[in-house]
Amino acid sequence: MTFKELAKKIILEENYPLTITEIWQIAKERGYDKEISSIGKTPDKTLQARLYSEAKKISSDFYICQKKPTKFFLKNLNIKNSNTLIKEESEEESIKHERELHKYLATFLRYNNSESIYAKTIFHEYSKKRKKGLNKWNFPDMVGFSYPFELEKDLLYISEKRNNLPLVIYSFEIKRRITALNLRENFFQTVSNSSWANESYLVIEEMDLNDRDLFDEIKRLSNSFGIGIIKLNRKNILESEFIFRAKRKDILDIETMNKLIEENKNFREFITQIKNSLNTGEINESKFDTVLNIE
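Values in this document were obtained by computation on a predicted structure and should not be read as measured data.

K.L.:
How would you summarise the overall build of the protein chain if you had to cite specific residues and measurements?
P.N.:
Of regular secondary structure, the protein chain possesses 10 helices and eight strands. For the protein chain, the proportion of its 295 residues judged to be buried stands at 46%. In the protein chain, 69% of the contacts between residues at least 6 apart in sequence involve partners at least 24 apart. Total accessible area on the protein chain stands at roughly 16,100 Å², and carbon and sulfur atoms take up 46% of it.

K.L.:
Go over the nonpolar core with me, naming the residues and quoting the values.
P.N.:
Of all hydrophobic cores here, the largest spans 22 residues; its most connected members are Leu6, Ile10, Ile11, Leu18, Ile23, Leu47 and Leu51. If you list the elements that add at least two residues to this core, you get helix H1 (3-14), helix H2 (20-30), helix H3 (43-55) and strand S2 (70-74). Beyond its immediate chain neighbours, meaning those up to four positions away, Ile23 contacts Ala7, Ile10, Ile11, Leu18, Leu47 and Leu51. If you look at the next biggest cluster of nonpolar residues, it comprises 20 residues, including Phe108, Tyr170, Val203 and Ile237.

K.L.:
Describe the sheet that holds strand S4 (residues 142-146), naming the residues involved and giving the relevant values.
P.N.:
Taken together, six strands build an open sheet; the order of strands is S3-S4-S5-S6-S7-S8 and the sheet is mixed. Of all the strands in the sheet, the pair left with one neighbour each is strand S3 (118-121) and strand S8 (241-244). When the angles between neighbouring strand axes are averaged without regard to direction, this sheet yields 30 degrees. Together, strand S7 (228-231) and S8 form the strand contacts of helix H8 (residues 212-225), whose direction differs from that of S8 by roughly 80 degrees.

K.L.:
Let's hear about a nonpolar patch on the surface: which residues, and what values?
P.N.:
The grouping of Tyr111, Leu238 and Ile294 at the surface amounts to a nonpolar patch, some 270 Å² of accessible area in total. Here Leu238 is to be found in the loop between S7 and S8. What makes Leu238 partly exposed here is its relative accessible area of 41%.

K.L.:
Which residues make up the side chain of Ser240, and what are the values?
P.N.:
With respect to the helices and strands, the residue Ser240 is situated in the loop between S7 and S8. Since its relative accessible area comes to 4%, Ser240 is described here as buried. In terms of polar contacts, Ser240 uses its side chain to reach the backbone amide nitrogen of Asn233, at 2.8 Å. For Ser240, the contacting residues outside a window of four places in its chain are Phe108, Asn112, Lys231, Leu232 and Asn233.

Conventions used here
Residues numbered from 1 in each chain as written. Predicted model: local features only at pLDDT ≥ 70, side-chain atom pairs only at ≥ 80, totals over all residues. Heavy atoms only, no water. Helix = DSSP H or I, 4+ residues; strand = E, 2+ residues; numbered from the N terminus. Buried < 20%, exposed > 50% of the residue type's maximum accessible area, 1.4 Å probe, protein only. Contact = heavy atoms within 4.5 Å. Areas by Shrake-Rupley, 256 points an atom, 1.4 Å probe, with all protein chains shown as cover. Core = buried A, V, L, I, M, F, W, Y, C linked by side-chain atoms within 4.5 Å. Pairing = 2+ DSSP bridges. Axes fitted to C-alpha atoms, helices over the stretch in contact; angles between N-to-C directions. Patch = residues over 30% accessible without salt bridge, like charges linked within 9 Å, V, L, I, M, F, W, Y side chains within 5 Å. Salt bridge = Lys/Arg side-chain N within 4 Å of Asp/Glu carboxyl O. Polar contact = N/O pair within 3.5 Å; in protein donor to acceptor, adjacent residues only side chain to side chain.

As structure tokens, this is what we get:
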């Protein structure tokens, strides 16, 4: 199979516009990447080059139907749910609007969980290696941790000596609205920037849970990649809910975490506060995102 045939096969199966990242993620998920005759060291870059070249040809089946982010489709297909296409925001506008949700998520995580999660915003645009449009694939919107400080110190000591420390680190990617057209891009962005944690979540304010096709696809992706889904309700924070819980990983991706520490001071502060909390047995709440008064 050629890269062009691969892309055409996936777009036909999905029947809606896809980015290069989405096409390649689906190819790996379904094993189609193994059918490529010559794959090379950077197959996603090869796929990108092929599709951009194809889209420029008048006689090609491919065309670019959306520019930010760039999505490809086939000329002989009708875009499914085309009425759900929304006006694209600039990266700065999108970040601003999504960050309006951070205080609501921080509040939900602190008060509506069996273990209180202390959350912190990661300002990825202030990273040392700022690359426009790319840092969102490296850094999650928020991170958090939970630790049962109420347990007896002797028990915690035993747990630590047995390498069974009950510390859980979380990562969260936040989106205002998810539709069939943007689900895959946003989901795989979460896979890219959050899979290093013990539990990784895609947090959504608006999505139609009555759309059976959309719900089933979210469920399938969640099961396949272990990413949890949180439905955020800012009008009634405690009615927010875990639609799907993340599959907890016992081992953190330390190599990725070290890279995040080196590149982003917010993430470094987060790790430092975890260390300080474990040393003192207390959490300095001022070092984490402020939560709302829900009384």
